[in-house]
2 protein chains.
Amino acid sequence: MSLPRIAVDAMGGDDGVRTVVSGAALARREHDRFNFLLVGDRARIERALEAHPNMRHASEILHCEDVVGMDEKPTQALRRAKTTSMGLAIHAVKEGKAGAAVSAGNTGALMAMSKLALRTMPGIDRPALAALMPTLGDNDVIMLDLGANTECDARNLVQFAIMGAAYSRIITGKEAPRVRLLNIGTEDTKGTEGVQAAAAQLRAATGLAMSFEGFVEADKINRGQTDVVVTDGFSGNIALKAIEGSARFVTDLLRSAFTSSLRSKIGFLVSRPATELLRHHLDPNNHNGAVFLGLNGVVVKSHGSATAKGVANAVNVAARLLEESLTERIAADLAELGEARLRVTGNGQSK
Amino acid sequence: MSLPRIAVDAMGGDDGVRTVVSGAALARREHDRFNFLLVGDRARIERALEAHPNMRHASEILHCEDVVGMDEKPTQALRRAKTTSMGLAIHAVKEGKAGAAVSAGNTGALMAMSKLALRTMPGIDRPALAALMPTLGDNDVIMLDLGANTECDARNLVQFAIMGAAYSRIITGKEAPRVRLLNIGTEDTKGTEGVQAAAAQLRAATGLAMSFEGFVEADKINRGQTDVVVTDGFSGNIALKAIEGSARFVTDLLRSAFTSSLRSKIGFLVSRPATELLRHHLDPNNHNGAVFLGLNGVVVKSHGSATAKGVANAVNVAARLLEESLTERIAADLAELGEARLRVTGNGQSK
């Protein structure tokens, strides 16, 4: 079976074309059935491909010179959807010339362009940005929304839960991933009206391909006891960045502690394998690749400062989601929910 | 000059009366001009005081047997405001028999009882819960609200900024602490309407005893570049717990990395002073004592699992705020804002 291509915005990211192309080539070693559409400056892409002959054979180049700036306003970028590398990569998905787009460019512009070009799936009011985060358990946890929607109602949160669960089934292989809503306490009475109403709907619904387990507080996100954490984009973005900032804070403290005395320095050298393990576990490149869920097509955001390894992980995410037909799975789950809702209403249990 | 007493709910907390009384005695060593009102079971308090003769001389016991349960609903607890140790400690502040109350009990109940008994200060619509958090800089950062108000409007956020700045002036000694609103980006267009409107009001206001510096993202809270981080209670609670959980996650990873091989174990032993320093810096007991700001009286929440050292820090916070007349300072700042607002309106710059 032939798989759809992956369109890569070769111009996004802080490190330039070479890092993006090397990353895509690295990903292709794991997913060698995929072909690529590399969008951006032809001469630079060709130079970058010289080091990766296998990748060159599997790639078509779509030349363009215009690039969305990292600080550009989404509304401005939208006007150049047909001329920029980001816009053309998304457009390739819209036209069926690719199944997924990957970009390390401006997040707001990527979101705005993706929504406009690809539209949301039937049954989804708003797409959400989902990412994988490390845990103390066996699997990563998926958190969404991470900033695509500043304010969300109960209906949005329920849809995010369904999309997150579909994604988690692919990642964890579980039939019913454990889903929780992010809240400021675990009692029913805690939180906003929206969070409470979403919990009531998810509890009442039957036939969902998830195990809805109520609320989770932000200090428990990475304990490995939850597969999907659902929240609005404001809280989700704050939680994500607070976690990243705090991890960096601790490692910065550790570094200064380890260099505070000769004895500490020696201890550091002796225990380097341990600290390397920690660094590996916390390296954001190993968890790179946030996905816009709920669109008619897969769009993956790579971090602007990602290394080639980080880009490879983002491309791997796109490849995995195409192989596992994420979009179709979400559509099937939404159809299921439609029926479940009718049943709930029939029992008079819905809110 | 005689200072007001500090009322201590001796029954709150997971570790019982002995820990609370030892903690208060420890705090009194630093603040020996203070007297205490210890509220709870007389026999147990007296036994706990046997080890602290100086504390005994400075303490009056207010006997009661009823205790607010840690899982009790605030509405239920409110009915027993006149019989529980928590309720009586707050009531002592209301009646002027103490200047501050400290409790390690149920946060929701403490908040509800404090609001009902002490009422908010003139010019404050809602009290906020504020706590100190460690940074890479010289001073702790103050963050508020941490969960007292699930939803907040621009007016609430502006008032929180004023109260947080007053608190920070006491902690940092700065005349104009750097205040920022927590947001999901630093551009003007980011975030909710409420956050944007609060930023506009704080930018336009003159004569405030703070330096308002716009927005801060959650990964920058503990970089030491901000003195006060202002947010709604939902986001604040999530940010606080995400930071705590992430710090614990990293230290758990570190522990497992350090015990993964003999070499790592040796490295750990050699570098123990460094890891002890880290542990000291991250120990929540060293930052214990969240304050309800905006009430007619000082109420300090000690963590339920605090050690005697942790309780001492919470009591120290209460003592410091009484010594420095926090409530009066906030009142003065609010009066100033009233004038500033008039000026702003006169210039036509207000929103």
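Within an unreviewed UniProt entry, the label attached to chain A reads Phosphate acyltransferase, and the organism entered is Croceibacterium salegens. As recorded by UniProt, the Function (unreviewed entry) comment attached to chain A reads in full: "Catalyzes the reversible formation of acyl-phosphate (acyl-PO(4)) from acyl-[acyl-carrier-protein] (acyl-ACP). This enzyme utilizes acyl-ACP as fatty acyl donor, but not acyl-CoA." The UniProt entry for chain A carries this comment under Pathway (unreviewed entry): "Lipid metabolism; phospholipid metabolism."

**A look at the sheet that holds strand β5 (residues 128-133) of chain B**
Residues and elements named next belong to chain B. Strands sit in the order β3-β2-β1-β4-β11-β10-β5-β6-β9-β7-β8 across an open sheet of 11 strands; the sheet is mixed. The outermost strands of the open sheet, each flanked by one partner alone, are β3 (59-63) and β8 (211-216). This sheet shows a mean twist of 25 degrees between the axes of neighbouring strands, independent of strand direction. Note: β5 against strand β6 (residues 141-144), 4 bridges, orientation antiparallel. Residue pairing for β6: Ala131 is matched across the bridge by Met143.

**Brief notes about the pairing of strand β2 (residues 36-40) of chain B**
Along a regular strand, successive side chains alternate from one face of the sheet to the other. Residue and element names in this part refer to chain B. Of all the 5 residues making up β2, 5 are buried; the element is thus mostly covered by neighbouring parts of the structure. Inspection of the sheet shows strand β1 (residues 6-9) paired to β2 by 4 bridges, in the parallel sense. Paired with Ile6 across the strands is Phe36, a residue of β2. Between the parallel elements β1 and β2, the chain passes through helix α1 (residues 17-30) in a crossover that is right-handed. Note that β2 and β3 share 5 bridges and pair parallel. The partner of Leu37 across the bridge, within β3, is Glu60.

**Looking at the interface of chain A and chain B**
Taken together, the contact pairs 54 residues of chain A with 54 residues of chain B. Between chain A and chain B, a total of about 4,700 Å² is buried, with carbon and sulfur atoms accounting for 72% of that surface. Inspection of the chain A/chain B interface yields 4 salt bridges. Inspection of the chain A/chain B interface yields 10 residue pairs in polar contact (both at pLDDT 80 or more). Split by residue class, the side of chain A that touches chain B holds 27 nonpolar, 17 polar and 10 charged.

**As for the pattern of salt bridges**
In the structure shown here, the tally under the stated rule is 30 salt bridges over all chains. Across the pair Glu324 of chain A and Arg329 of chain A runs a salt bridge, and its minimum N-O distance is 3.4 Å. Of the charged contacts, one joins Arg180 of chain B and Glu213 of chain B as a salt bridge, the two residues approaching to 3.5 Å between their closest N and O atoms. Residue Arg180 of chain B is found in strand β7 (residues 178-182), and its partner Glu213 of chain B is found in strand β8; the two are separated by 33 residues along the sequence.

**Structural notes on the relation of the copies chain A and chain B**
Aligned on chain B, chain A shows an RMSD of 0.1 Å; the corresponding rotation is 180 degrees and the shift along the axis is 0.0 Å. Expressed as an axis order, the relation between the two copies is that of a two-fold axis. No C-alpha of chain A approaches the rotation axis more nearly than that of Gly267 of chain A, which lies at 2.4 Å.

**Quick look at the domain arrangement of chain A**
Residue and element names in this part refer to chain A. When the domains of chain A are assigned, the result is domain 1 (1-120 + 294-323) and domain 2 (125-290). For domain 1 and domain 2, the distance between their C-alpha centroids amounts to 26 Å. On the surface where domain 1 and domain 2 come into contact, there are 1 salt bridge. Among the salt bridges present, the one from Asp283 reaches Lys309, with a minimum N-O distance of 3.6 Å. Here domain 1 is connected to domain 2 by 8 residue pairs in polar contact (both at pLDDT 80 or more). Elements supplying a minimum of two residues to the side of domain 1 that touches domain 2: α6 (107-118), β11 (298-301) and α12 (308-323). Looking at the side of domain 1 that touches domain 2 residue by residue, the classes come out as 9 nonpolar, 8 polar and 4 charged.

Parameters at a glance
- Residues numbered from 1 in each chain as written.
- Chains lettered and ligands numbered in written order.
- Predicted model: local features only at pLDDT ≥ 70, side-chain atom pairs only at ≥ 80, totals over all residues.
- Heavy atoms only, no water.
- UniProt positions renumbered as here; feature names shortened; annotations may be inferred.
- Pairing = 2+ DSSP bridges.
- Helix = DSSP H or I, 4+ residues; strand = E, 2+ residues; numbered from the N terminus.
- Axes fitted to C-alpha atoms, helices over the stretch in contact; angles between N-to-C directions.
- Buried < 20%, exposed > 50% of the residue type's maximum accessible area, 1.4 Å probe, protein only.
- Right-handed = clockwise from strand over helix to strand, strands pointing away.
- Contact = heavy atoms within 4.5 Å.
- Buried area = accessible area lost by both parts, 1.4 Å probe.
- Salt bridge = Lys/Arg side-chain N within 4 Å of Asp/Glu carboxyl O.
- Polar contact = N/O pair within 3.5 Å; in protein donor to acceptor, adjacent residues only side chain to side chain.
- Nonpolar A, V, L, I, M, F, W, Y, C, P; charged D, E, K, R; others polar.
- Least-squares fit on C-alpha atoms with pLDDT ≥ 70 in both.
- Domains from an automatic or database assignment.

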